[in-house]
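# Residue-level structural notes
Residues per chain, in single letters:
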Amino acid sequence: MEIDTDKMILFFLILSSIFVLLIGLVLVIVLMTSVPYPDLGRCKSEEYFLDPNDKKKKKFASLLSTPEVQLSVIVPSYNEEKRLPIMMDECLGYLESRKASTPEFSYEVIVVDDGSTDKTTEVALEYSVQYGTDKVRVLTFEKNRGKGGAVRLV
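Computed from a prediction, not measured in an experiment: that's the story for all the values here.

### Concerning the nonpolar core
Leu84, Met88, Leu92, Val109 and Val111 are the most contacted members of the largest nonpolar core, which totals 16 residues. Residue contributions to this core peak at five residues, all from helix α2 (residues 84–101). Apart from residues no more than four positions distant in its own chain, Leu84 is found in contact with Val75, Ser77, Val111, Thr120, Val123 and Ala124. Listed in part, the six residues of the second largest apolar core include Phe60, Ile110, Val112 and Leu139.

### With respect to the pairing of strand β1 (residues 48–51)
Of the two faces of β1, only one is covered, namely that formed by Phe49 and Asp51; the face formed by Tyr48 and Leu50 stays uncovered. Relative to strand β2 (residues 56–59), β1 runs antiparallel, the two sharing four bridges. Each residue of the ladder has a partner; that of Asp51, found in β2, is Lys56. Between β1 and β2, which pair antiparallel one after the other, the connecting turn spans four residues, and Lys55 there sits at a positive phi close to 60 degrees.

Cut-off values and rules
- Residues numbered from 1 in each chain as written.
- Predicted model: local features only at pLDDT ≥ 70, side-chain atom pairs only at ≥ 80, totals over all residues.
- Heavy atoms only, no water.
- Core = buried A, V, L, I, M, F, W, Y, C linked by side-chain atoms within 4.5 Å.
- Buried < 20%, exposed > 50% of the residue type's maximum accessible area, 1.4 Å probe, protein only.
- Helix = DSSP H or I, 4+ residues; strand = E, 2+ residues; numbered from the N terminus.
- Contact = heavy atoms within 4.5 Å.
- Pairing = 2+ DSSP bridges.

This is the structure:
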């Protein structure tokens, strides 16, 4: 039985063309059905926090600046007006007791209101008044970006 090389080459060309077309089709389907990454761009207003004592906006420190505290606690919050006080009381109680036992210990708690529609920001600002903005700050996002976005943008 003799093998016709021209027919073999034609067969492999057709087979490889079908394979390339299938790969192209899969890529088109993936591109058409995939969801792009969420917009993590920061609005100008999200670069500041409100000092509830003097009602002025103050700029958040940059991640590139020299650290001012030993521990930063980031609290991503979305519609947490009822649950936030329980967490903040426990968290700040612990941090304050640690500060009392170790005076050189320093901390900050940054509550990130991730576009809440309830009074999450107002509840968090009460803790800023009580503990001071050197210990508790509130960053309010204009729109919801999810937990990952809330943590990444701080």
